[in-house]
Amino acid sequence: MRLPGTRRPCVYFWETGDHKNRGGAALKISNYGLLIREILDGFQLDHRGIHGTAHWMRVRTNGLRLAEMNGANTKVIQLFAIFHDSRRLNDGGDPRHGERGAALAYEFWQAGKIDLDDSEFRLLEQACCDHTHGGTQPGDVTVATCWDADRLDLERVGITPDPQYLCTDEAGQPQMLDWATNRSNVWVDRYCRYW
Ligand SMILES: [Fe+2]
Ligand SMILES: [Fe+2]
């Protein structure tokens, strides 16, 4: 996608700072909006739907809130939020969509549009590829946090998140479950009433 006023593909920058900021403020991605616009350029579904941008943003917020408690990598979480469902072909069963989201992230990474070191990219890749069938013990707190951030938004499709299927203790706390499911329900009440 060529954005107005750009002559070559955008290069995305991170604000400097310690992204492994246990307990601190989340690292901001200065041009997150542009990155989303470019991802949406190839999005096959209704961006207002159950796997659309509102879901992406709730996943981001859920993940950042969990990261404040467990120190997960906020850069990877924020990228997982916008890539993991970005190449779905339908809103139902689409078992390879995580791999396609990871493949898109790889394209962006190779093009220098997202700034991750090798180990961070591997986490993003694992988080995207296996987010639907990876179980509850991925072996890394950042991947676990990505998956829980996604699962905490299941209420939007009528499934109440069950701590049994979450990866982290933080996500299974009653306060966290209530907060996340309430946010999902607010979206359903506002935007899905006439579906
Ligand atoms: Fe997904
Ligand atoms: Fe998702």
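See the structure printed just above.
This one's a predicted model, so the numbers in the text were calculated from it and none came from an experiment. (Residues numbered from 1 in each chain as written. Chains lettered and ligands numbered in written order. Predicted model: local features only at pLDDT ≥ 70, side-chain atom pairs only at ≥ 80, totals over all residues.)

## Things to note about the overall build of the protein chain
In terms of helices and strands, the protein chain carries seven helices and zero strands. Going from the N terminus to the C terminus, the protein chain shows its helices and strands as α-α-α-α-α-α-α. Of all 195 residues assigned to the protein chain, the portion counted as buried reaches 37%. Counting contacts in the protein chain only where the partners sit at least 6 residues apart, residues at least 24 apart contribute 60% of the total. (Helix = DSSP H or I, 4+ residues; strand = E, 2+ residues; numbered from the N terminus. Buried ≥ 20, exposed ≤ 12 C-beta atoms within 10 Å, placed from the backbone. Contact = placed C-beta atoms within 7 Å.)

## Points about the environment of C128
Inspection of the secondary structure puts C128 in helix α5 (residues 118-129). On the neighbour-count criterion, C128 (28 C-beta atoms within 10 Å) is buried. Taking C-alpha positions, C128 is 9.0 Å from A105, a pair spaced 23 residues apart along the chain. In contact with C128, other than residues within four places in its own chain, are F80, F83, H84, G98, G101, A102 and A105.

## With respect to the packing of helix α3 (residues 74-83) against helix α6 (residues 141-151)
Two elements in contact, α3 and α6, have axes whose closest approach is 10 Å; the angle formed by their N-to-C orientations is 35°. Where α3 crosses over α6, the handedness of that crossing is right-handed. Facing V76, I77 and F80 of α3, the residues of α6 in contact are T142, T145, C146 and A149. Residue composition of the contact of α3 with α6, grouped by class: five nonpolar, two polar and no charged. (Axes fitted to C-alpha atoms, helices over the stretch in contact; angles between N-to-C directions. Left-handed = near helix turned anticlockwise from the far one by under 90°. Nonpolar A, V, L, I, M, F, W, Y, C, P; charged D, E, K, R; others polar.)

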